[in-house]
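Each chain, written out:
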Amino acid sequence: MSKLTPKERLKIPRHPMIEQDPMERSHNFNEVNLGYTAQLAMAEADRCLQCPKPTCVEGCPVHIQIKDFIGLIAEGDFLGAVKKIKEDNALPAICGRVCPQEEQCEESCVVAKRGEPVAIGHLERFVADYERNSGKIEIPEVKKSNGKKVAIVGSGPAGLSCAKDLCAKGYDVTVFEALHELGGVLVYGIPEFRLPKDIVRTEIDGLKKMGVKFQTDTIIGRLYTIDELFEEEGFDAVFLGVGAGLPWFLGIEGENLDGVYSANEFLTRVNLMKAYKFPEYDSPILDLHGKNVAVFGGGNTAMDAVRTALRLGAKNAYIIYRRSEKEMPARVEEVKHAKEEGVQFMLLTNPVRLIGDDEGWLKAVELIKMELGEPDASGRRRPIPIEGSNFTMDMDVAIVAIGNGPNPLIMKTTPEIEVSKRNTIVVDPETMKTSKKGVFAGGDIVTGGATVILAMGAGRKAAAAIDEYIQTGKW
Amino acid sequence: MFKIVDARFLAENIKKFEIEAPRIAKKRKAGQFVIIRIDEYGERIPLTIADSNVEKGTITIIVQGVGKTTKELNMKEAGDSILDVVGPLGQPSHIENFGTAVSIGGGVGTAIAYPTAVALKEAGNYVITINGARSKDLVILEDEMKSVSDEAYITTDDGSYGFHGFVTQKLQQLIDEGKKLDFVLAIGPIPMMKAVADVTRPYGIKTVVSLNPIMIDGTGMCGGCRVLINGKPKFACVDGPEFDAHAVDFKNLADRNRTYREYEQEALKRFEEHCRLEKQIKEMKEEK
Ligand SMILES: Cc1cc2nc3c(=O)[nH]c(=O)nc-3n(C[C@H](O)[C@H](O)[C@H](O)COP(=O)(O)OP(=O)(O)OC[C@H]3O[C@@H](n4cnc5c(N)ncnc54)[C@H](O)[C@@H]3O)c2cc1C
Ligand SMILES: Cc1cc2nc3c(=O)[nH]c(=O)nc-3n(C[C@H](O)[C@H](O)[C@H](O)COP(=O)(O)OP(=O)(O)OC[C@H]3O[C@@H](n4cnc5c(N)ncnc54)[C@H](O)[C@@H]3O)c2cc1C
Ligand code: SF4
Ligand code: SF4
Ligand code: FES
């Protein structure tokens, strides 16, 4: 490590990520962020003060040893750094890209008090990419088979990380996935320009090499009930990582018009079904060239949808959000990127009605202006409609991105699993045990729509608890 | 990969496939469907499970070639494979002994109605089937339908076979004759299902239709398959596909099903052009 004084370190400005030019990237699906060079990474690592009490670690939901891995980067030991991260995080190339760092690790970094925090996410991403590009990905050690079988339902970050830990401990692990591709939201939701699918595939290939078995096209609850997994298929435990994939709608007039999508449908068509390559791929998506597109919502899903719309040729792409920018749940970087690319933000505005023509095509949206009142249950100030402020705008396509609820499929077929009023599965927060013996759950199905890192952390916690349950037999 | 063990045409453009899918064969119930994807470039399309054979571990699907994917599928033969088959999806048909049950199938809808007609018979109903086609050579599953029916009728639009007219005219005739009908199941093109609903509505006859909106995942994740039932959105892939005919907004369904018409036509045109060229190349090679 170079011999800099803390004062000198604090003087170094944060190194920005190299990015594709906004005007260029808004017309292609290639990744927006191009990454750090080794030199940039080491220079950014020099900004870390190597605090005796690293507060950054507290900010990371899975307590990555941030100080240590950054120290290794500063010394140029990139493979050592990624190994350090992987002690706590199974998916660093992914989390480095999609974590809301500004409210997690980076928010807690002491340097943030004096200026911009150390770019922990960028560094995490850099070493993970370095490892992948070096072709030296280390396959974790796998203990000798213990003959016990665990079924993982869902191949999102929760399921994948649970599978990885259990496989390493010597379990015979099978992941069941409803769709034809593995990865959950990482493949059908988050677009290529933010998270290249090759990265997800590499992670999954790693699991396959370890010995994890994958069965796509398999819907648990339909093809096998949970009881059948135990009784007929001989599994000793089941982990449910089925996510929150049920799209919410606004419940306003005109939502069934042609040209109105849920964000899930819009993104699934583009990401999973590759509709942006129609007719090479068979699934179509409406041609947006020269069109006006409105996206309702202010989260990551809304940003992904609106930026995808731009890339599909939209003339005007709007974010219509009922609160102000401060309350937007999206990652700060996504909002910044969206603005740079030309997305138009209509804040404190809410849709009232979608207006169609005689043939059922969307033609316009009626909107109303909002103002912020007292904080509500979420702690954010409640938006209140301003009476009489209604106005309409011509619109060809509208995308509803106001969130997702848990998919009730499994619960319907396994009523003994206790669910909350919000339809999430109720678990013991320490052991991730559900009310049904041998069944554990974690990720969005427990928390409601949350983050990749929380889902991953939950999967790992459940893996430890499943190991303990199978070894001791204690429920 | 899911292997096709048998494939044969039932009528022009309508092909029956038996596909190896032992687990689905074991679990499926009348009224459920699968979603298939032919290959890496393919779209996901829903097809009803017309029948299954648990011993052989196969399911039967009956496909009408209407566009690119179904026509491509109908070129497959025994021995070929399909990349993805997922199911069983959707709610099984609600079956009970209603008394007199009428099963109405239009076109390939007959194939979709068949498994439910079997289940209605097994539940003890007096089963009347009315199967409509444009003309004689498009009538499918005639023997199968007869074998589960107490009364079986065929209607053709051009009068080339059976009753001359639409299925609804035959249905109206049965009602006019004073038959007490307790339950009607109608599956076919949207205008046909709507017409059946209009016939039975004034008599208050419980009527169920199987809706065919555009689907992708079939698991309730995309919301693309939403249909309006009593004005409220329902996801046909998880809440349906069968719904109370008198509560369905058929216009909305027809409008939404037309969303991609231009794209579908383009895809079909390209596909047919491609097939024509392939054929030419093959012929040229054979000549040599
Ligand atoms: C568009 C979008 C953008 C996002 N952006 C970010 C971001 O930038 N940063 C971030 O941290 N988080 C983001 N999130 C949230 C994050 O993706 C989720 O919190 C995370 O993926 C949850 O992981 P999971 O493993 O619980 O479930 P999922 O990723 O939802 O995976 C669940 C899997 O289970 C499968 N499944 C469901 N039911 C069954 C069944 N019955 N049988 C078999 N398989 C089943 C599903 O098909 C799916 O593949 C985003 C979400 C969306 C939708
Ligand atoms: C629950 C259900 C069960 C069905 N069962 C059968 C069956 O047993 N046999 C049969 O022949 N057909 C069945 N269909 C209809 C079949 O799915 C469509 O004919 C097929 O998807 C058309 O695809 P294509 O590419 O050949 O035609 P295209 O030219 O792409 O489309 C023709 C029409 O089919 C519909 N369609 C297109 N894409 C889809 C899609 N992804 N999902 C649903 N509909 C679509 C649209 O109305 C479209 O206008 C069923 C549909 C549903 C929803
Ligand atoms: S996993 Fe996420 S929160 Fe934790 S250190 Fe990495 S980027 Fe920060
Ligand atoms: S808090 Fe910031 S400066 Fe301190 S160790 Fe963590 S990353 Fe480095
Ligand atoms: S097909 Fe996607 S929700 Fe029904």
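Residues numbered from 1 in each chain as written. Chains lettered and ligands numbered in written order. Predicted model: local features only at pLDDT ≥ 70, side-chain atom pairs only at ≥ 80, totals over all residues. Heavy atoms only, no water.

A. Highlighting the overall build of chain A. Secondary structure assignment for chain A yields 18 helices and 18 strands. A total of 475 residues make up chain A; the buried ones form 59% of that total. Contacts in chain A between residues far apart in sequence, at least 24 positions, make up 69% of those at least 6 positions apart. Summing over all exposed atoms, chain A offers an accessible surface of approximately 19,200 Å²; the carbon and sulfur share of this is 51%. For chain A, the centre of its 59 positive side-chain charges and the centre of its 69 negative side-chain charges are spaced 5 Å apart. (Helix = DSSP H or I, 4+ residues; strand = E, 2+ residues; numbered from the N terminus. Buried < 20%, exposed > 50% of the residue type's maximum accessible area, 1.4 Å probe, protein only. Contact = heavy atoms within 4.5 Å. Areas by Shrake-Rupley, 256 points an atom, 1.4 Å probe, with all protein chains shown as cover. Lys, Arg positive; Asp, Glu negative; His and termini not counted. Charge placed at Lys NZ, Arg CZ, Asp CG, Glu CD.)

B. Up close: the site of ligand 4. Contacts to ligand 4 come from Cys48(A), Leu49(A), Cys51(A), Pro54(A), Thr55(A), Cys56(A), Lys67(A), Cys109(A), Val110(A) and Val111(A). When its residues are assigned to classes, the shell around ligand 4 shows eight nonpolar, one polar and one charged. (Near = heavy atom within 4 Å. Nonpolar A, V, L, I, M, F, W, Y, C, P; charged D, E, K, R; others polar.)

C. Representation of the interface of chain B and chain A. In this assembly, 52 residues from chain B lie in contact with 47 residues from chain A. The interface formed by chain B and chain A contains seven salt bridges. For Glu232(A), the salt bridge is made with Arg23(B), and the minimal N-O distance between the two is 3.6 Å. Listing elements by their share of the side of chain B that touches chain A, those giving two or more residues are α1 (22-27), α2 (68-73), β8 (84-89), β15 (226-229), β16 (232-235), α7 (236-239), α8 (250-257) and α9 (261-287) of chain B. Ranked by the residues each element gives to the side of chain B that touches chain A, the list is headed by β8(B), at six residues. In terms of residue class, the side of chain B that touches chain A is made up of 21 nonpolar, twelve polar and 19 charged. (Salt bridge = Lys/Arg side-chain N within 4 Å of Asp/Glu carboxyl O.)

D. Looking closely at the site of ligand 1. All names here are of chain A. Taken together, 34 residues lie around ligand 1, and Val98, Ala158, Glu177, Arg194 and Asp444 are the ones closest in. Within the backbone of Val185, one N or O atom sits 3.1 Å away from an oxygen atom of ligand 1. At 2.9 Å, a backbone N or O of Ile220 approaches a nitrogen atom of ligand 1. Its free accessible area being 1,000 Å², ligand 1 has 94% of it covered by the protein chains. When residues in the shell around ligand 1 are grouped by element, the largest group, three residues, is from helix α14 (residues 300-311). Of the residues in the shell around ligand 1, the class split is 17 nonpolar, twelve polar and five charged. Domain assignment of the residues forming the shell around ligand 1 places at least three in each of domain 2 (149-245 + 405-472) and domain 3 (249-402). (Polar contact = N/O pair within 3.5 Å; in protein donor to acceptor, adjacent residues only side chain to side chain. Domains from an automatic or database assignment.)

E. Representation of unusual backbone geometry within the structure. In this structure, the amide linkage connecting Gly87(B) to the following residue, Pro88(B), adopts the cis form with an omega of 0°. Following the sequence through the fold, Pro88(B) ends up in strand β8. Residues Gly240(B) and Pro241(B) are joined by a peptide bond in cis, for which omega reads 10°. Residue placement: Pro241(B) occurs in the loop between α7 and β17 (242-244). A positive phi is found at Leu348(A), a non-glycine position, where the angle reads about 50°. Checked against the element boundaries, Leu348(A) lands in the loop between β11 (344-346) and β12 (349-356). At Met432(A), a residue that is not glycine, the phi angle is positive and equals roughly 60°. Take Met432(A): it is sitting in the loop between α16 (409-413) and β18 (439-441).

F. Molecular detail of the pattern of salt bridges. All names here are of chain A. Under the counting rule described, the total for this entry stands at 55 salt bridges over all chains. In this structure, the salt-bridge partner of Glu334 is Arg307, at a minimum N-O distance of 2.9 Å. Taken as a pair, Glu334 in helix α15 (residues 332-341) and Arg307 in helix α14 lie far apart in primary sequence, 27 residues in all. Residue classification places Glu334 among the buried residues on the basis of a relative accessible area of 1%. Between Arg311 and Glu341 there is a salt bridge, with its nearest N and O atoms 2.9 Å apart. Linking Arg311 in helix α14 with Glu341 in helix α15, this pair joins segments that are 30 residues apart in sequence. Assigned by exposure class, Arg311 and Glu341 land together as buried.

G. Representation of the pairing of strand β2 (residues 14-20) of chain B. Residues and elements named next belong to chain B. Of all seven residues that make up β2, five are buried, and the element is covered over most of its length. Of the strand pairs in this sheet, strand β1 (residues 2-11) and β2 are connected by six bridges, and their pairing is antiparallel. In the strand pairing of β2, Ile4 is matched with Ile19. Counting the residues in the hairpin turn of β1 and β2 gives two residues, including Asn13, whose phi is positive at 75°. Bridge count for β2 against strand β6 (residues 58-64) is seven bridges, and the pairing is antiparallel. Residue pairing for β6: Lys15 is matched across the bridge by Val63. (Pairing = 2+ DSSP bridges.)

H. Region of interest: the sheet that holds strand β4 (residues 45-48) of chain B. Residue and element names in this part refer to chain B. As summarised here, the arrangement of the three strands in space is β4-β3-β8, forming an open sheet in which the pairing is antiparallel. One side of each edge strand has no neighbouring strand; the edge strands of this open sheet are β4 and β8. For this sheet the average axis-to-axis angle between neighbouring strands, irrespective of direction, equals 30°. Direction of pairing for strand β3 (residues 33-37) relative to β4: antiparallel, over a ladder of four bridges. Counterpart to Ile35 in the pairing with β4 is Pro46. (Axes fitted to C-alpha atoms, helices over the stretch in contact; angles between N-to-C directions.)

I. Expanded view of the environment of Glu340(A). Residues and elements named next belong to chain A. Structurally, the position occupied by Glu340 is in helix α15. Spatially, the C-alpha atoms of Glu340 and Met23 are 8.1 Å apart, while their sequence positions differ by 317 residues. If we ignore the near neighbours within four places in the chain, the residues touching Glu340 are Glu19, Pro22, Met23 and Arg25.

J. Broad picture of helix α5 (residues 66-74) of chain A. Residue and element names in this part refer to chain A. The buried fraction of α5 amounts to seven of the nine residues, a majority that puts the element mostly inside the structure. Where α5 is concerned, the buried positions are Ile66, Phe69, Ile70, Gly71, Leu72, Ile73 and Ala74. Buried residues in α5 make contact with α3 (38-45), α4 (55-59), α6 (78-86) and α8 (120-134). Looking one or two residues beyond α5, the residue adopting positive phi is Gly76, at roughly 85°.

K. Spatial organisation of the sheet that holds strand β8 (residues 260-262) of chain A. Residues and elements named next belong to chain A. Taken together, the five strands give an open sheet; going across it, the order is β8-β16-β9-β10-β11, and neighbouring strands pair in parallel fashion. In this open sheet, the two strands that pair with only one neighbour each are β8 and β11. Between one strand and the next, the sheet's axes are offset by a mean angle of 20°, whatever the strand orientation. In this sheet, strand β16 (residues 397-400) lies alongside β8 in parallel orientation, the contact comprising three bridges. If you follow Val260 over to β16, its bridge partner there is Ala398.

L. Geometry of the domain arrangement of chain B. According to the domain assignment, chain B contains domain 1 (2-89), domain 2 (100-257) and domain 3 (261-288). The gap between the C-alpha centroids of domain 2 of chain B and domain 3 of chain B is 35 Å.

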